[in-house]
Amino acid sequence: MVEDKDQTPAHKLFQSFMRFRRVHWLGPRASGRKPSDIRVLFVIRRGEKHHSSGYKVSEISDLLHVAVPTVTQLIKGLEASGYVERRVDESDKRVTRVRLTEKGQAEIVKARSETLQSLNGLVEYLGAEQSEQLAYLLAQVCQYYQGSEERLMSGEEHR
């Protein structure tokens with residue numbers, strides 16, 4: 001018996017990943033901020049733990065795997081809304097660093113709460129056991145693809 005191409009496990013995974021990309025799984029934001037804005041805010045917050053002066057736009061770009069001009073536009077919008085500020089680096093005046101404002105810090109707290117609320121709804125829907133299984137499987141997916149990226153970067157895929 002020949003398996004229908006559209007029903008292979010790989011095809012089903014592909015379809016699931018494509019559907020997942022289109023789903024707004026974090027739900028609507030009370031603040032009206034776009035998910036891309038929230039991701040940038042979270043990255044900047046993480047950067048403040050490593051660099052007290054904040055990240056450069058290029059560093060944010062690298063962490064998000066997004067082009068620098070895209071991040072620049074996001075930062076401009078967040079700055080205009082009062083969520084972030086740009087400052088000249090004290091040790092290198094040619095460098096500008098991005099930091100959260102108090103308003104940006106508050107937005108992070110609100111976004112984290114909204115995200116947990118959304119995920120708690122998913123846990124209620126799936127149940128604790130399936131939620132644990134999903135978390136485990138997603139961690140395995142990340143581990144697989146991180147290993148694939150590392151092998152590809154080291155050239156192992158071409159040997």
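Residues numbered from 1 in each chain as written. Predicted model: local features only at pLDDT ≥ 70, side-chain atom pairs only at ≥ 80, totals over all residues. Heavy atoms only, no water.

Trainee: An account of the packing of aromatic side chains is requested, with residue identities and associated values reported.
Mentor: Here a ring pair, both rings aromatic, is described through the centre-centre distance and the interplanar angle of the planes. Taken as a whole and assessed by the stated rule, the structure comprises one aromatic pair. With 4.8 Å between their ring centres and 85 degrees between their planes, Tyr144 and Tyr145 make a pair best called edge-to-face. (Phe/Tyr/Trp six-rings, centres within 6.5 Å; stacked < 30°, edge-to-face > 60°.)

Trainee: Break down a nonpolar patch on the surface for me, citing the residues and quoting the values.
Mentor: Among the surface-exposed residues, Leu116, Leu119, Leu122, Tyr125, Leu134 and Leu138 lie close enough to one another that they form a single nonpolar patch of about 540 Å² accessible area. With respect to the helices, strands and loops of the structure, Leu116 is situated in helix H5 (residues 102-126). (Patch = residues over 30% accessible without salt bridge, like charges linked within 9 Å, V, L, I, M, F, W, Y side chains within 5 Å. Areas by Shrake-Rupley, 256 points an atom, 1.4 Å probe, with all protein chains shown as cover. Salt bridge = Lys/Arg side-chain N within 4 Å of Asp/Glu carboxyl O. Helix = DSSP H or I, 4+ residues; strand = E, 2+ residues; numbered from the N terminus.)

Trainee: Please provide a residue-by-residue account of unusual backbone geometry, values included.
Mentor: Unusually for a residue other than glycine, His65 sits at a positive phi of about 60 degrees. What makes His65 exposed here is its relative accessible area of 72%. (Buried < 20%, exposed > 50% of the residue type's maximum accessible area, 1.4 Å probe, protein only.)

Trainee: Requested: an account of the packing of helix H2 (residues 35-50) against helix H4 (residues 68-80), with residues and values cited.
Mentor: One can describe the packing of H2 onto H4 by two numbers: an axis separation of 10 Å at closest approach and a directional angle of 90 degrees. Taken together, the axis directions place H2 and H4 in an arrangement best described as roughly perpendicular. Contacts from Ser36, Asp37, Val40, Leu41 and Ile44 in H2 reach Leu74, Ile75 and Leu78 in H4. Counted by class, the contact of H2 with H4 contains six nonpolar, one polar and one charged residues. (Axes fitted to C-alpha atoms, helices over the stretch in contact; angles between N-to-C directions. Parallel < 35°, antiparallel > 145°, perpendicular 65-115°, else oblique. Contact = heavy atoms within 4.5 Å. Nonpolar A, V, L, I, M, F, W, Y, C, P; charged D, E, K, R; others polar.)

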